[in-house]
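# Fold and contact review
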Amino acid sequence: MGCDGGTIPKRHELVKGPKKVEKVDKNAELVAQWNYCTLSQEILRRPIVACELGRLYNKDAIIEFLLDKSSEKALGKAASHIKSIKNVTELRLSDNPAWEGDKGNTKGDKHDDLQRARFICPVVGLEMNGRHRFCFLRCCGCVFSERALKEIKAEVCHTCGAAFQEDDVIVLNGTKEDVETLKRRMEGRRLRSKLGKKTKKPKVAESLSKSDVSEEAPGPSKMKTGKPEETSLDSQEKKTTLPPRSAAQGSSSGKAGKPPCGAMKRSIADSGESEAYKSLFTTHSSAKRSKEESAHWVTHTSYCF
């Protein structure tokens, strides 16, 4: 059991108390939130997107997550609310000119300042390292510090000039209370979009039914004249039956015009022209054949032509 040789144990060695809760280093947590992707745990690299809850992701990781149809998705809880690429917004970030990255520490003999951020606020100049609250606009994706939005109050984006509302402002890596409010807003927007789609469907159906009824029901002109096909057929029959206008006008008005073919034949037979001229027409007696000269129905004679 020990305690040999006159050793005296202390109380904390014999009595085991409750375990101390391990506290997370705030600096390490801020570095993980603002420099690494929430889904893939890789370093953030452009294009960088943010969800409606204010979390930062790599766009490549989001696309791979949406294309992955397997039941077991790695870290699926962090992006379970993302159903399509439309649920994320690509961020327009302003680079920090004082940030050197890995270029200044190639030999490993310099101290890496983890509080130095890659991006800054384009209005105030604050670094986006987690010490200051940052937010982005869902309509355009521009990123600002919360101080800039409070100091310069405007309904238009400070960089691109796009109009926005209070509902479009989303806090990046906010507290639990901020995440709850953003979640309620997200659910409300999705519910309104669903209701809007449902209301659009009956409107489209009504417009289609109205167009079908208007095509089937005849108008006032069609009621009087009948179907267009019937009217066109009647007009074609009238055109075929009616004589030409010139002949009708000549017969009715009595003006000088060309006489019909029958009148020409009769007038030539009764006219006082010479026999040679009359023999040119079929009405002359020389053009007529007798029964003997006409061809038989079986035999072929030279008179058959």
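Residues numbered from 1 in each chain as written. Predicted model: local features only at pLDDT ≥ 70, side-chain atom pairs only at ≥ 80, totals over all residues. Heavy atoms only, no water.

## Re the confidence of the model for the chain
Convention followed: One confidence number per residue, pLDDT, is output by the predictor and ranges from 0 to 100. Numbering of helices and strands runs from the N terminus, with a helix taken as a DSSP run of H or I at least four residues long and a strand as a DSSP run of E at least two residues long. Contact criterion: two residues are considered in contact whenever any of their non-hydrogen atoms come within 4.5 Å of each other.
With 62% of its residues at a pLDDT of 70 or more, the chain has an overall mean of 75. The least confident element of the chain, judged by mean pLDDT, is helix α8 (residues 245-253) at 45; the most confident is strand β1 (residues 48-50) at 95. Low pLDDT, under 50, characterises residues 221-231; the predicted model gives this stretch two contacts beyond four residues in sequence or across chains. Overall, residues 261-265 carries pLDDT values under 50, and its contacts beyond four positions in sequence, including any with other chains, amount to two contacts.

## Topic: the side chain of N58
To be explicit about the condition: The buried label goes to any residue with under 20% of its type's maximum accessible area, the exposed label to any with over 50%, and the partly exposed label to all in between, with areas taken from a 1.4 Å probe on protein chains only.
Note on placement: N58 falls in strand β2 (residues 56-58). On the basis of relative accessibility, which here comes to 2%, the residue N58 falls in the buried class. The contact partners of N58, leaving out residues within four places of it in the chain, are C37, S40, E42, I43, L44, R45, P47 and V49.

## Some details on empty space enclosed by the protein
Quick note on the threshold: A cavity here means a set of points on a 1 Å grid, drawn over the protein atoms and nothing else, where a 1.4 Å probe fits but cannot get out; a pocket is an open set with protein on both sides within 12 Å along at least five of seven lines, and a residue lines either one if it has an atom within 4 Å of a point. Grid points are joined across faces, edges and corners, and a volume is the space filled by probe spheres set on the points. Any residue that is not Ala, Val, Leu, Ile, Met, Phe, Trp, Tyr, Cys, Pro, Asp, Glu, Lys or Arg is counted as polar, Gly included; the first ten are nonpolar and the last four charged.
With the rule as written, the count across this model stands at two cavities of 30 Å³ or more. Taken as a whole, the second largest cavity holds about 40 Å³ of empty space. Lining the second largest cavity are W34, N35, R118, F119 and M128. A per-class count over the lining of the second largest cavity returns three nonpolar, one polar and one charged.

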